[in-house]
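Examination of the molecular architecture
Residue-level listing of the chains:
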Amino acid sequence: MEPMQLEPRLINGGEYVVIRMPSTNSKIVCLKAGSTVSLGKFGSFKADSLIGNTFGHTFEIEKGGTIKPHKQAGFDNADITEANNKEIVDDPKSQKLSFEEIEKLKTKSLAGDVSAQEIIASLTENNESFARKTEFSKSKYIKRKQNKFMKCFFPLETTVYNLCDFFFEANPQKIRGIRTDTLSQLLGLANVYSNARILAVDDGQGLIVGAALSRLDVGGQVLSLHDGDVHNYDVLRYMNLPTETKDRLHTLPWSKFHHKMDAFSEELPENPTQDDINGRERRLRGHTKLSQNLDNLRSGNFDALVVSTNYNPLSVIKQLIPCLGGSRMLVVYDQSKEALLESFAWLRESQRFLNVQLTESWLREYQVLPKRTHPLMTMSGGGGFLLSAIHLASDIK
Amino acid sequence: MFHQYKRVIEDGDLVIVYVTPDAMRPIFVKSGEIFNNRFGSFRHSDMIGLEYGSKIESHDGRGYVYLLHPTPALWTQVVPHRTQILYFADISFISLHLDLRPGKVMVESGTGSGSFSHSIARTIAPTGHLFTFEYHEIRAATAKKEFEEHGLSNIVTIENRDVIANGFGKFNIADAVFLDLPAPWDAVAAAKEVLRKDTIGRICCFSPCIEQVQATALALDEHGFSEIRMFECLAKDCEVRAVPFPDIAEAINGKKISFKQSIVDRKKRKLDNDSMNDVDDEEPKIIERIISKPADVTRGHTSYLTFAILAPDIVE
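Here's what I pulled together on the structure shown here. These numbers were taken from a predicted model, which means no experiment stands behind them.

Another aspect to go through is the overall build of chain B. In terms of helices and strands, chain B carries 9 helices and 15 strands. Taken against the 2.2 N^0.38 rule, which gives 20 Å for 316 residues, the C-alpha radius of gyration of chain B at 25 Å runs more than 25% over that of a compact globule. Principal axes of the C-alpha set define a box for chain B whose edges measure 85 × 55 × 35 Å. In chain B, buried positions account for 50% of the 316 residues. Restricting to contacts in chain B with at least 6 residues of sequence separation, those with at least 24 account for 64%. Of the accessible surface of chain B, which amounts to about 14400 Å², a share of 50% is contributed by carbon and sulfur atoms.

Scanning chain A from N- to C-terminus turns up 10 helices and 15 strands. Whereas a compact globule of 397 residues would reach a radius of gyration of roughly 21 Å, chain A reaches 27 Å, over 25% beyond that. Considered along the principal axes of its C-alpha atoms, chain A spans approximately 80 × 65 × 50 Å. For chain A, the exposed surface amounts to about 19400 Å²; the carbon and sulfur share of it is 50%. Considering chain A, the positive charge centre built from 49 side chains and the negative charge centre built from 48 side chains are found 4 Å apart.

Looking at the element boundaries, A:Lys86 is found in the loop between strand S6 (67–70) and helix H1 (99–111). Separated by 89 residues in the primary sequence, A:Lys86 and A:Ile175 place their C-alpha atoms 47 Å from one another.

One recurring pattern in soluble globular proteins: nonpolar side chains tend to sit buried together. In terms of nonpolar packing, the biggest core is built from 113 residues, with A:Leu39, A:Phe45, A:Phe153, A:Val222, B:Ile94 and B:Met106 touching the most fellow members. It is helix H4 (residues 160–170) of chain A that provides the largest number of residues to this core, a total of 7 residues. Beyond its immediate chain neighbours, meaning those up to four positions away, A:Leu39 contacts A:Ile19, A:Met21, A:Lys27, A:Ser44, A:Phe45, A:Ile61 and A:Phe153. Within the second largest apolar cluster, 32 residues are counted, among which are A:Phe302, A:Leu320, A:Leu387 and B:Cys238.

Tallied over the full model, the rule gives 30 salt bridges over all chains. Residue A:Lys138 is joined to A:Glu135 by a salt bridge in which the shortest nitrogen-to-oxygen separation is 3.6 Å. In this pair, A:Lys138 and A:Glu135 both sit in helix H3 (residues 135–149), 3 residues apart, roughly one turn of the helix. A salt bridge links B:Arg62 to B:Asp60, with the shortest nitrogen-to-oxygen separation between them at 4.0 Å.

Turning next to a positive patch on the surface. Taken together, the side chains of A:Lys41, A:Lys140, A:Arg144 and A:Lys148 define a basic patch exposed on the protein surface. Following the sequence through the fold, A:Lys148 ends up in helix H3.

A word on the pairing of strand S9 (residues 156–160) of chain B. All names here are of chain B. Where strand S8 (residues 129–134) and S9 come together, 5 bridges link them in parallel fashion. For Thr132, the partnering residue across the bridge sits in S9 and is Ile158. You can see the chain leave S8, run along helix H5 (residues 137–149) and come back into S9, and the turn it takes is right-handed.

Residues and elements named next belong to chain A. Tallied over the full model, the rule gives 19 aromatic pairs over all chains. Summarising the aromatic geometry, the rings of Trp254 and Phe257 are spaced 5.6 Å apart at their centres and angled 50° between planes, so their arrangement reads as tilted. Note on Phe257: relative accessible area 11%, which makes it buried. Among the aromatic residues, ring-to-ring pairing joins Tyr16, Phe166, Phe167 and Tyr238 into one connected group.

Residue and element names in this part refer to chain A. Tracing the backbone through its elements, the reader meets Ser224 in strand S9 (residues 221–226). A distance of 2.8 Å separates polar atoms of two side chains, one belonging to Ser224 and the other to Tyr233. Each residue touching Ser224, except ones within four places of it in the same chain, is listed here: Ala200, Val209, Tyr233, Leu249, His250, Thr251 and Leu252.

Take the interface of chain A and chain B next. The extent of an interface is frequently quoted as the accessible surface area lost upon association of the parts. Listed as interface residues are 78 residues of chain A and, on the opposing side, 78 residues of chain B. Both sides of the chain A and chain B interface together cover about 6900 Å² of buried area, and 58% of this is carbon and sulfur. Joining chain A to chain B, the criterion identifies 4 salt bridges. As a salt-bridge pair, A:Glu157 and B:Arg202 come within 4.0 Å of each other at their nearest N and O atoms. Applying the counting criterion to the chain A and chain B interface returns 25 residue pairs in polar contact (both at pLDDT 80 or more). Counting residues per element, the ones that place at least two in the side of chain A that touches chain B are strand S7 (152–157), H4, helix H5 (180–189), strand S12 (324–334), helix H10 (338–349), strand S13 (353–367) and strand S15 (385–391) of chain A.

Residue and element names in this part refer to chain A. Helix length check: helix H8 (residues 274–299), at 26 residues, gives a terminal C-alpha distance of 37 Å against a target of 38 Å (1.5 Å per residue), a fit within 8%. Of the residues making up H8, those classed as buried are Gly279, Leu290, Asn293, Leu294, Asn296 and Leu297. Looking at the buried positions of H8, the neighbouring elements they touch are strand S8 (197–202), S9, strand S10 (249–253) and strand S11 (302–308). The positive-phi residue at the C-terminal boundary of H8 is Gly300, with phi of around 60°.

Relative orientation and spacing of two packed helices are given, respectively, by the angle between their axes and the distance between those axes. Residues and elements named next belong to chain B. Running from N to C, helix H3 (residues 88–97) and helix H4 (residues 115–124) cross one another at 40°; their axes reach a closest spacing of 10 Å. When the interaxial angle is binned, H3 and H4 end up oblique. Read as a crossing pair, H3 and H4 show a hand that is right-handed. Mapping the contact onto sequence places Ile91, Ile94 and Ser95 in H3 and Ser115, Phe116 and Ser119 in H4. The residue makeup of the contact of H3 with H4, split by class, is 3 nonpolar, 3 polar and no charged.

Take the state of the cysteines next. Covalently bonding the sulfur atom of one cysteine to the sulfur atom of another cysteine gives a disulfide. Under the defined criterion, the tally for this structure stands at 0 disulfides over all chains. There is no disulfide at A:Cys164, and the cysteine sulfur nearest it, in B:Cys233, is 12 Å away. No disulfide involves B:Cys204; its sulfur sits 6.5 Å from the nearest other cysteine sulfur, which is in B:Cys205. Given the relative accessible area of 0%, B:Cys204 is considered buried.

The rules behind the values
- Residues numbered from 1 in each chain as written.
- Chains lettered and ligands numbered in written order.
- Predicted model: local features only at pLDDT ≥ 70, side-chain atom pairs only at ≥ 80, totals over all residues.
- Heavy atoms only, no water.
- Helix = DSSP H or I, 4+ residues; strand = E, 2+ residues; numbered from the N terminus.
- Rg over C-alpha atoms; globule rule 2.2 N^0.38 Å.
- Buried < 20%, exposed > 50% of the residue type's maximum accessible area, 1.4 Å probe, protein only.
- Contact = heavy atoms within 4.5 Å.
- Areas by Shrake-Rupley, 256 points an atom, 1.4 Å probe, with all protein chains shown as cover.
- Lys, Arg positive; Asp, Glu negative; His and termini not counted.
- Charge placed at Lys NZ, Arg CZ, Asp CG, Glu CD.
- Core = buried A, V, L, I, M, F, W, Y, C linked by side-chain atoms within 4.5 Å.
- Salt bridge = Lys/Arg side-chain N within 4 Å of Asp/Glu carboxyl O.
- Patch = residues over 30% accessible without salt bridge, like charges linked within 9 Å, V, L, I, M, F, W, Y side chains within 5 Å.
- Pairing = 2+ DSSP bridges.
- Right-handed = clockwise from strand over helix to strand, strands pointing away.
- Phe/Tyr/Trp six-rings, centres within 6.5 Å; stacked < 30°, edge-to-face > 60°.
- Polar contact = N/O pair within 3.5 Å; in protein donor to acceptor, adjacent residues only side chain to side chain.
- Buried area = accessible area lost by both parts, 1.4 Å probe.
- Expected span 1.5 Å × (residues − 1).
- Axes fitted to C-alpha atoms, helices over the stretch in contact; angles between N-to-C directions.
- Parallel < 35°, antiparallel > 145°, perpendicular 65-115°, else oblique.
- Left-handed = near helix turned anticlockwise from the far one by under 90°.
- Nonpolar A, V, L, I, M, F, W, Y, C, P; charged D, E, K, R; others polar.
- Disulfide = S-S within 2.5 Å.

What follows is the structure in structure tokens.
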């Protein structure tokens, strides 16, 4: 059988990408053709030099804003030697280069006049205790200096995983603190599949809605309810969604939840201007869309109800479970456990749900290096909680 | 069945019979047959025409069960184990990390009991494909039969094959590879061949022991994979209780409070042998509070998940 996409996946102009920088800070940038992308102290590069290339490679910024591929070293061969830190003293005088000399090197590096390798070589040569360090310590030292001086970056595709990881680190409140593993379990519990009809509430700026959309295909849709007149699903913007995917999202303001549609009765004035005509067209489209979304909501039988809300979750659940089909999942996310306890108790006692569960996911990353394998020194303290239950069919007494 | 939802039960459907969260059984509904358990006997023909998610009483009225639509998550809980299986937390995390979605092509070895395979099929359907490989002849045959019975043959191709000895037999087709083998480092070369070269290829290796992880990471590095990252992931249950929460003034005033906890639960079923009584009938209402605590004993380890990518050639 033939693979779906035979065209190579190259970086497109106008695409949003995550740029990971050596200090392991990341930022999201839009690679608008003709623009310059600034990475702060790491320099700037021309977007056009990245457009048309592939993901998966590190690039180094050259003088003038062009970029060239940077070969990342694989595993080093650092091993145990007789060296140890018994006699190494933490002494600022170990580094023979002065503060001013180092600053001058940094400026030259930013201008592209001296390479990071040269700087690092200068630093290690002039460091009195460097030679006495263990191999592992030397390797770590060089890595730290590389992160500080190398003008390299690693572009990442804005997959759901990469976006969740990015926001979880850079701005967790934006996504209500949901971590990648928790988000992945939410999708699994809700059984999102290609032509599922998902009913959603996502006050986490659309990461969950976007994640659901990414798992849909022809025939699938998400109907979501939101505060205000328009949704604020900012995260969707970064997902580079094709139009056909965006068309699978239908949104409805909470304020229209009980709305009764009237027939569209706006008439054109005599001698209408083009503006009058366009305006009426727009309002007619809006009226039709609202009517369709309300019909969709009220027809019920959704395949999953997924909720991440700033409001009292039980109040949201009670309003929306009449729309959920039989043997279909309710999944509620919150950053705190307490917010879900009342809902848990209500679902358990309601006789309309089976297998009510409250879970928390635990995730830990390890460093894997020869003879230096261990969990990372810092880890996430928490990634949120999931309340889930199987909804029973409506004819249950 | 697993990659589509139906509303109404039909003859021939696979249905998950739910008694309690720990007692579920998959059955094929077949007119004329009977399902028996401690609550009585249930006629399959009574099930036909019911909505999924319905309750059905036993023929002699002694009790009832629920009829659920199969999903990969439920299948993971009821699949007959032929090997150690992958559980929900790992399945979910790997799927997101490997960017599985409709249309993706995935390669898996070994198939094992097919727990992960069912989830992959659901996630990549209808336009994707899973090529899965199992070197144990009987397990391969069992899994093949299951995929056919579950309507997944269009999406899943299983082959009885030793991929370490013979490779996958396919080249440059996969978006992602999953290795659940005792020696995944021996299959890294084959994984490299089967992955697409025109886009990022993703790999995940699943190993219980740290020594396996180290050998795998070395092999990945040697074969040109990058972004090697390893995680462990666990989903932990929170137990929720309604507990008495009286003011100490009650004790000072000489009142005797019973601190018997009532599990937040629905009405007890008939024939339930649990001897806990319904406290509410006997004593006046005590102030209660809903609290939660972690389970006393929980899973501590499943396996380490080692991820990496194979980057396509740079465009010069």
